[in-house]
Amino acid sequence: MLTIGLADDEALFTMGLSMIIDAQPGMRVLWQAIDGADAIRRHDAQRPDVLLLDIQMPGTDGLAVTERLVKAGTTTKIIILTTFEADAYVLTAVESSAAGFLLKNTPPDQLIAAIHTVHRGDAVISPGPTRRLFAAFRDPAPARDDAARHDRQAAEQLTARERDVLTLIAAGLTNREICDRLSLSMPTVKTHVGNLIAKTGARDRVQLVLFALRTGLATV
């Protein structure tokens with residue numbers, strides 16, 4: 001059973017979201033929190049598989065909750081839910097190790113799919129925030145010398161096939177779609193993705209996309 005935690009100061013929103021999730025086979029809401037501090041307490045008492053967090057809540061907001069839980073070594077996958085699409089929110093959510101960043105008007109079927117995606121270990125970002133995230137790399141600020149050097153060295157270590165896979169990941173293709181595009185088996189694609197994460201030091205697929213953009217291996 002896939003368990004979900006909800007944290008939002010809008011009771012009607014969490015109530016509706018809870019009804020949608022509980023109606024899904026093999027999925028149930030473990031608890032509902034009214035703010036960030038409440039979410040941390042409930043998480044420590046009952047750790048869900050996936051936690052849906054609103055960004056703006058009284059006291060401790062969603063990003064602060066994410067950073068605190070990640071630093072504490074939580075195994076819970078965290079998805080940020082918000083009505084806001086500001087660049088700072090998206091970038092901060094990615095940097096704080098959130099596994100997803102979705103708008104609250106995301107259709108229910110896409111939200112459920114996103115929950116399953118992050119539970120499997122991948123990351124998801126809604127199209128709107130994704131465009132803003134990628135736009136931040138059109139005219140990026142000068143990178144620190146050590147960070148830029150690391151990126152260059154990592155990029156040089158990639159094989160031609162790994163570059164192919166990275167380019168398709170940056171284009172938004174799933175592993176199955178990459179298999180079909182490159183005529184590779186699923187184990188082979190997963191091996192390439194694992195190698196990419198290890199060589200680049202990326203945390204997940206979103207981080208791989210950022211690496212590809214920084215190094216010019218992918219374009220906006």
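Source: prediction; values computed, not measured.

Visitor: For the overall build of the chain, give the residues involved together with the corresponding values.
Guide: Assigned secondary structure in the chain consists of 11 helices and 6 strands. For the chain, contacts bridging at least 24 residues in sequence account for 63% of all contacts bridging at least 6. Accessible surface, the chain: about 11100 Å² in total, of which carbon and sulfur atoms supply 51%.

Visitor: A description of the pairing of strand β2 (residues 27–33) should follow, citing residues and the corresponding values.
Guide: β2 sits mainly inside the fold: 5 of its 7 residues count as buried. In the classification by handedness, the crossover that spans strand β1 (residues 2–7), the intervening helix α1 (residues 11–22) and the parallel β2 is right-handed.

Visitor: Would you mind going over a nonpolar patch on the surface in detail, with residue names and values included?
Guide: Residues L12, M15 and M19 make up a contiguous nonpolar surface patch of roughly 390 Å² in combined accessible area. Structurally, the position occupied by M19 is in helix α1.

Visitor: A description of the pattern of salt bridges should follow, citing residues and the corresponding values.
Guide: Summed over all chains, the structure comprises 7 salt bridges. Across the pair K104 and D8 runs a salt bridge whose closest N-O atoms are separated by 2.7 Å. With K104 in the loop between β5 (100–103) and α5 (108–119) and D8 in the loop between β1 and α1, the pair connects residues that are 96 residues apart, well separated along the chain. Here K104 matches D8 in class, with each residue buried. The salt bridge partner of R214 is D151, with a shortest N-O separation of 2.8 Å. You can see R214 sitting in helix α11 (residues 205–215) and its partner D151 sitting in helix α7 (residues 145–157), a full 63 residues away along the chain. A single salt-bridge network, built from bridges that share partners, covers D8, D54 and K104.

Definitions and cut-offs
Residues numbered from 1 in each chain as written. Predicted model: local features only at pLDDT ≥ 70, side-chain atom pairs only at ≥ 80, totals over all residues. Heavy atoms only, no water. Helix = DSSP H or I, 4+ residues; strand = E, 2+ residues; numbered from the N terminus. Contact = heavy atoms within 4.5 Å. Areas by Shrake-Rupley, 256 points an atom, 1.4 Å probe, with all protein chains shown as cover. Buried < 20%, exposed > 50% of the residue type's maximum accessible area, 1.4 Å probe, protein only. Right-handed = clockwise from strand over helix to strand, strands pointing away. Patch = residues over 30% accessible without salt bridge, like charges linked within 9 Å, V, L, I, M, F, W, Y side chains within 5 Å. Salt bridge = Lys/Arg side-chain N within 4 Å of Asp/Glu carboxyl O.

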